Amino acid sequence: VPKTWIFDLDGVIVETAQFHYKSWKRLAHSLDIPFDESHNEALKGVSRSKSLNIILELDDREVSEKEFQRLMDKKNGWYQNYIAELTPDDILDGIPEFLDTLKERGAKLAIGSSSKNAQYILDYLQLTETFDAIIDGTKVKNTKPDPEVFLKGAQAVGEDPEDCVVFEDAESGVEAANRANMLCVGVGSEEILGDADLVIDSFVDMSPEDLLEKLS
Ligand code: B16
Ligand code: MG
């Protein structure tokens, strides 16, 4: 039975992927780069700079370092306006009950996110106190699919990676969990998250016991 439960933030606890998408789309279109939903999956879990590189490569664009920074800041400004509207009501269905049950059982909880906005989001959702460790894009050198974010989460609560389970909605995140030697539960589609040990649709009506049974 895993002792530490590590949650990705965007796409697992809260649906901020749509905000990232709208902001990147606005930026891409302002540059006349075609960008739609089909390009979005590759941006999940990866860092802001990697995301911008992926978008620029869609149209073989090269920009100066200064312009690159300006474009990232522009996107992040739009994104921050979206997330400022978040409230505890935006926590995804089933998550509050799931986290409460884990806490009652004495499990340790951590966040493993690539986002540099994670702390703001957790504050808007009033979830900061719920987690024993919060590792995010401000605390790692290498973002997903590098395992650093999850290994630091385990380290922060003093756990062995083999005793951790990770919840992820992105392909890059599943790869990171696998490379960290942790169990991984994908939240979303089997097609995209097939490398996880188990894939679930959502946390609705899902207790930690149900989940452990499915994992075994
Ligand atoms: P930021 P996660 C990731 O968060 C998002 O999935 C990804 O789309 C985003 O580019 C990345 O955070 C960086 O976000 O621009 O806020 O630093 O899914 O790892 O919680
Ligand atoms: Mg995610």
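Residues numbered from 1 in each chain as written. Chains lettered and ligands numbered in written order. Predicted model: local features only at pLDDT ≥ 70, side-chain atom pairs only at ≥ 80, totals over all residues. Heavy atoms only, no water.

### Here we look at the overall build of the protein chain
- Secondary structure assignment for the protein chain yields nine helices and six strands.
- Radius of gyration (C-alpha) of the protein chain: 17 Å, near the 17 Å computed for a compact globule of 216 residues.
- Summarising its shape, the C-alpha atoms of the protein chain cover approximately 50 × 30 × 30 Å along the three principal directions.
- Every one of the 216 residues in the protein chain was classed for burial, and the buried ones make up 49%.
- Within the protein chain, contacts between residues separated by at least 24 positions form 61% of all contacts whose residues are at least 6 apart in sequence. (Helix = DSSP H or I, 4+ residues; strand = E, 2+ residues; numbered from the N terminus. Rg over C-alpha atoms; globule rule 2.2 N^0.38 Å. Buried < 20%, exposed > 50% of the residue type's maximum accessible area, 1.4 Å probe, protein only. Contact = heavy atoms within 4.5 Å.)

### Notes on the pattern of salt bridges
- Inspection of the entire model under this criterion finds 10 salt bridges.
- Notably, a salt bridge pairs D163 with K3, separated by 3.4 Å at the nearest N-O pair. One end of the pair, D163, is in the loop between α6 (148-156) and β4 (164-168); the other, K3, is in the segment before β1 (4-7), and 160 residues separate them in sequence.
- Owing to a relative accessible area of 22%, D163 belongs among the partly exposed residues under this scheme.
- Across the pair E159 and K108 runs a salt bridge, and its minimum N-O distance is 3.5 Å. One end of the pair, E159, is in the loop between α6 and β4; the other, K108, is in strand β2 (residues 108-112), and 51 residues separate them in sequence.
- Since its relative accessible area comes to 29%, K108 is described here as partly exposed.
- Each of D8, K144 and E168 takes part in a single network of salt bridges with overlapping partners. (Salt bridge = Lys/Arg side-chain N within 4 Å of Asp/Glu carboxyl O.)

### Points about the confidence of the model for the protein chain
- Taken residue by residue, the protein chain gives an average pLDDT of 96. The fraction at 70 or more is 100%.
- The complex model carries a pTM of 0.95, and its ipTM stands at 0.94. (pLDDT = per-residue confidence, 0-100.)

### Details of the side chain of D8
- On the secondary structure map, D8 appears in the loop between β1 and α1 (17-30).
- At 2.8 Å, the side chain of D8 and the side chain of K144 are in polar contact.
- With residues near it in sequence (within four places) discarded, D8 still touches I13, G112, S113, K144, F167, E168 and D169. (Polar contact = N/O pair within 3.5 Å; in protein donor to acceptor, adjacent residues only side chain to side chain.)

### A closer look at the coordination of the magnesium ion (ligand 2)
- The magnesium ion (ligand 2) binds to the protein through D8 (OD), D10 (O) and D169 (OD); the donor distances cover 2.1 Å.
- Each donor residue of the magnesium ion (ligand 2) lies on one chain, and together they are spaced D-x1-D-x158-D. Of the two residues, D8 is situated in the loop between β1 and α1 and D169 in the loop between β4 and α7 (171-179); the sequence distance between them amounts to 161 residues.
- When its relative accessible area of 3% is taken as the criterion, D8 is described as buried. (Donors = N, O, S within 2.8 Å, 3.2 Å for Na, K, Ca; no water.)

### Examining the sheet that holds β4
- If you trace the six strands from one edge of the open sheet to the other, you get β3-β2-β1-β4-β5-β6, paired in parallel fashion. Lying at the two open borders of the sheet, with one neighbouring strand each, are β3 (133-135) and β6 (198-200). In this sheet, adjacent strand axes meet at a mean angle of 20° when their direction is disregarded.
- Across four bridges, the pairing between β1 and β4 is parallel. Bridging from a neighbouring strand, T4 pairs with C164 of β4. (Pairing = 2+ DSSP bridges. Axes fitted to C-alpha atoms, helices over the stretch in contact; angles between N-to-C directions.)

### Considerations on the site of ligand 1
- Taken together, 19 residues lie near ligand 1, and R48, S113, S115, K116 and N117 sit nearest.
- In this structure, an oxygen atom belonging to ligand 1 sits 2.7 Å away from a side-chain N or O atom of S113.
- Within the side chain of S115, an N or O atom sits 2.6 Å from an oxygen atom of ligand 1.
- Here the shell around ligand 1 is built from residues that sort into four nonpolar, eight polar and seven charged. (Near = heavy atom within 4 Å. Nonpolar A, V, L, I, M, F, W, Y, C, P; charged D, E, K, R; others polar.)

### Some thoughts on the environment of D32
- Take D32: it is sitting in the loop between α1 and α2 (48-58).
- On a C-alpha basis, the gap between D32 and D59 in space is 9.1 Å, while along the polypeptide they are 27 residues apart.
- Once residues within four sequence positions are removed from consideration, D32 is found in contact with D59 and R61.

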